[in-house]
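Chain by chain, the residues run as shown.
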Amino acid sequence: MIKPSPTFKALEHIRHELAQLKARGLQRSRRLLESPQGAHVRVDGRAVLSFCSNDYLGLASHHALISAAGAAAQTMGVGAGASHLITGHHAVHHALETRFAEFVGLPAALLFSTGYMANIGVVTALVGRGGEVFADRLNHASLNDAALLSRAKFTRYPHNDLAALETRLTASRASQKLVLADAVFSMDGDLAPLPDLLALCERYDAWLLVDDAHGFGVLGPGGRGALAHFGLASPRIVYMATLGKAAGVFGAVVAGEAEVIEWLLQKARTYIYTTATPPLLSATLLASLDLIEAGNGRRTHLQKLIVQLRAGLCIPNWQLMDSPTPIQPVLIGSNDAALAASQRLLERGILVPAIRPPTVPASSARLRISLSAAHTETDVAQLVDALNSIHADG
Ligand code: PMP
């Protein structure tokens, strides 16, 4: 019998920190989703109009994808059973990589389990000690974590400030340089100036990793994403798209030069040392790419909803951020005010999350509205009315 010691300082510390988070209104909690994703969902036992998924094209519960998943489960089973480099690399994973590379117009692609893992795998494979990573201050957490894990020098620059980035690139003595960019910033909805970033990468001999988690499926002709939107191509670009957002399923693909993809296959630890995703997901994603490619109607509808929302809001003390994408944040400032606004929307049956630090910078708590092609104009009109009247009530 092991005798318990009277004190356990580390656990005491965690209890104290949790109490602090709660006292400061920063404790995060989860809601229980009890329906498929869509404009109208059941959450915590009640029906709500939801503006908080990244299912931008409304594909997450599309009947064609549900059928594809069901049929694939029948023929492929449900588990991959091993990592890709052992026996888990199914023909359908391979077919998805080939189709994705062709779709985005890049030479080769590699399927990762998640965008988080893809970013960690790519950054740590491309740079190490002696290298330097340059990152926009508003980049996604997974890119920051990847930079820290790489052991390269980690240099951040103010949001979309190209002059500041150039100053840092000029000063760098690193042997390998890598610029990390969210193509669409996940909490602001604005775009990175990718052509300018690429020009700087050319001038200072750096890689450019483009994280298109929120652009793929939405931006560019046929939803081909941010590179297609800007008409960019370069062997310096490593392109990452996540497949759990507009594509409606799960996973992430990295695409680029064939040698870069081969290098990732050899070196990216988050690719090598993990079980392959269920093959049925890749089968479903092949069907999803078809829907994305044929989805101009969905994208046009989404664009109309963005215009409708922006034109309808009358919220002078809050700030509608300068976003052309389905991510339409309303900047409120204080955590309490953002939480209160989210709560009052919920009382009206509308779910819009309040996003607080550390996900966003201090004093910039906001409502993060995300629009989807699954919404109707009536849904958006309801949101506009609710926001305008909550704002007017103070
Ligand atoms: N990059 C960005 C910009 C993201 O917003 C996210 C997801 N929130 C990720 C990467 C991670 O992707 P995944 O959810 O597939 O891990």
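What counts, and at which threshold
Residues numbered from 1 in each chain as written. Predicted model: local features only at pLDDT ≥ 70, side-chain atom pairs only at ≥ 80, totals over all residues. Near = placed C-beta within 6 Å. Helix = DSSP H or I, 4+ residues; strand = E, 2+ residues; numbered from the N terminus. Nonpolar A, V, L, I, M, F, W, Y, C, P; charged D, E, K, R; others polar. Buried ≥ 20, exposed ≤ 12 C-beta atoms within 10 Å, placed from the backbone. Arc of directions from axis to C-beta. Contact = placed C-beta atoms within 7 Å. Pairing = 2+ DSSP bridges. Axes fitted to C-alpha atoms, helices over the stretch in contact; angles between N-to-C directions. UniProt positions renumbered as here; feature names shortened; annotations may be inferred. Domains from an automatic or database assignment. Right-handed = clockwise from strand over helix to strand, strands pointing away. Core = buried A, V, L, I, M, F, W, Y, C linked by C-beta atoms within 7 Å.

Draft legend 1. Inspection of the site of the ligand at higher detail. Taken together, 14 residues are adjacent to the ligand, and Thr114, Gly115, Tyr116, His140 and Ala213 come closest. Looking at the shell around the ligand, the element that brings in the most residues is helix α5 (residues 115-126), giving three residues. Class assignment for the residues of the shell around the ligand results in three nonpolar, nine polar and two charged.

Draft legend 2. Seen up close, helix α6 (residues 141-150). Listing the buried residues of α6 in full gives Ser142, Leu143, Ala146, Ala147 and Ser150. The buried residues of α6 all sit within an arc of 140° when viewed along its axis, so they share a single face. On the buried face of α6, the contacting elements are α5, β4 (132-136), β5 (153-157), β6 (177-182) and β7 (207-211). One or two steps after α6, the chain reaches Arg151, where phi turns positive at roughly 70°.

Draft legend 3. Spotlight on the sheet that holds strand β10 (residues 319-320). Taken in spatial order, the four strands line up as β10-β11-β14-β13 in an open sheet, and their pairing is antiparallel. Two strands close off the open sheet at either side, each with one partner strand: β10 and β13 (354-355). Two elements, strand β11 (residues 327-333) and strand β14 (residues 365-370), share six bridges in a ladder whose sense is antiparallel. The residue bridging Gly333 from the neighbouring strand is Ala365, located in β14. Along the sheet, helix α14 (residues 335-347) makes contact with β11, β13 and β14, crossing β14 at roughly 35°.

Draft legend 4. Layout of the sheet that holds strand β1 (residues 40-43). One open sheet accounts for three strands, arranged β1-β2-β12; its pairing is mixed. The sheet is open, and its two edges are formed by β1 and β12 (350-351), each paired on a single side. With two bridges connecting them, strand β2 (residues 46-50) and β12 associate as parallel partners. Counterpart to Leu49 in the pairing with β12 is Ile350.

Draft legend 5. A look at the UniProt feature "domain: Aminotransferase class I/classII large" (unreviewed entry) in the protein. Summarizing the sequence annotation, UniProt attributes the feature "domain: Aminotransferase class I/classII large" (unreviewed entry) to residues 48-387 in the numbering used throughout. Annotated as residues 48-387, this span is 44% helix and 17% strand, and its ends, taken at the C-alpha atoms, are 15 Å apart.

Draft legend 6. A look at unusual backbone geometry. Along the chain, Pro357 connects to Pro358 via a cis peptide bond; the corresponding omega equals 10°. Mapping Pro358 onto the fold places it in the loop between β13 and β14. Of note, the phi angle at Asn160 is positive, near 55°, even though the residue is not glycine. Here Asn160 shows up in the loop between β5 and α7 (162-171).

Draft legend 7. View of the domain arrangement of the protein. Each assigned domain of the protein is listed with its residue range as follows: domain 1 (31-57 + 295-393) and domain 2 (63-293). The straight-line distance from the C-alpha centre of domain 1 to that of domain 2 is 27 Å. Taken together, the contact between domain 1 and domain 2 spans 18 residues of the former and 16 residues of the latter. A breakdown of the residues in the side of domain 1 that touches domain 2 according to their chemical character gives eight nonpolar, six polar and four charged.

Draft legend 8. Highlighting the environment of Gln266. Locating Gln266 in the fold gives a position in helix α10 (residues 258-267). C-beta crowding within 10 Å serves as the criterion here: with 11 such atoms nearby, Gln266 is assigned to the exposed category.

Draft legend 9. The pairing of β7, seen in detail. Burial runs high along β7: five of the five residues are buried. Both faces of β7 are covered, namely the face carrying Trp207, Leu209 and Asp211 and the face carrying Leu208 and Val210. In the sheet, β6 pairs with β7 via five bridges, with the strands oriented parallel. The residue of β7 that forms the bridge with Ala181 is Val210. With helix α8 (residues 194-203) bridging β6 and its parallel neighbour β7, the resulting β-α-β unit is right-handed. As defined by bridge partners, β7 adjoins strand β8 (residues 237-242) across four bridges and the pair is classed as parallel. Within β8, the residue paired with Leu208 across the bridge is Ile237.

Draft legend 10. Representation of the nonpolar core within the structure. In this structure, Val122, Leu208, Leu209, Val210, Tyr239 and Val254 are the most contacted members of the largest nonpolar core, which totals 113 residues. Of the residues forming this core, the biggest block, seven residues, is contributed by helix α12 (residues 279-293). When residues are assigned to domains, this core turns out to be shared by domain 1 (31-57 + 295-393) and domain 2 (63-293), each giving three or more. Beyond its immediate sequence surroundings of up to four residues, Tyr239 is in contact with Val104, Leu106, Val210, Asp212, Leu227, Val254, Ala255 and Gly256.

Draft legend 11. The arrangement of the pairing of β11 in detail. Taken across its seven residues, β11 has five buried, putting it largely inside the fold. Two elements, β10 and β11, share two bridges in a ladder whose sense is antiparallel. For Leu320, the partnering residue across the bridge sits in β11 and is Val330. Once β10 ends, the chain turns through six residues before running back antiparallel as β11.

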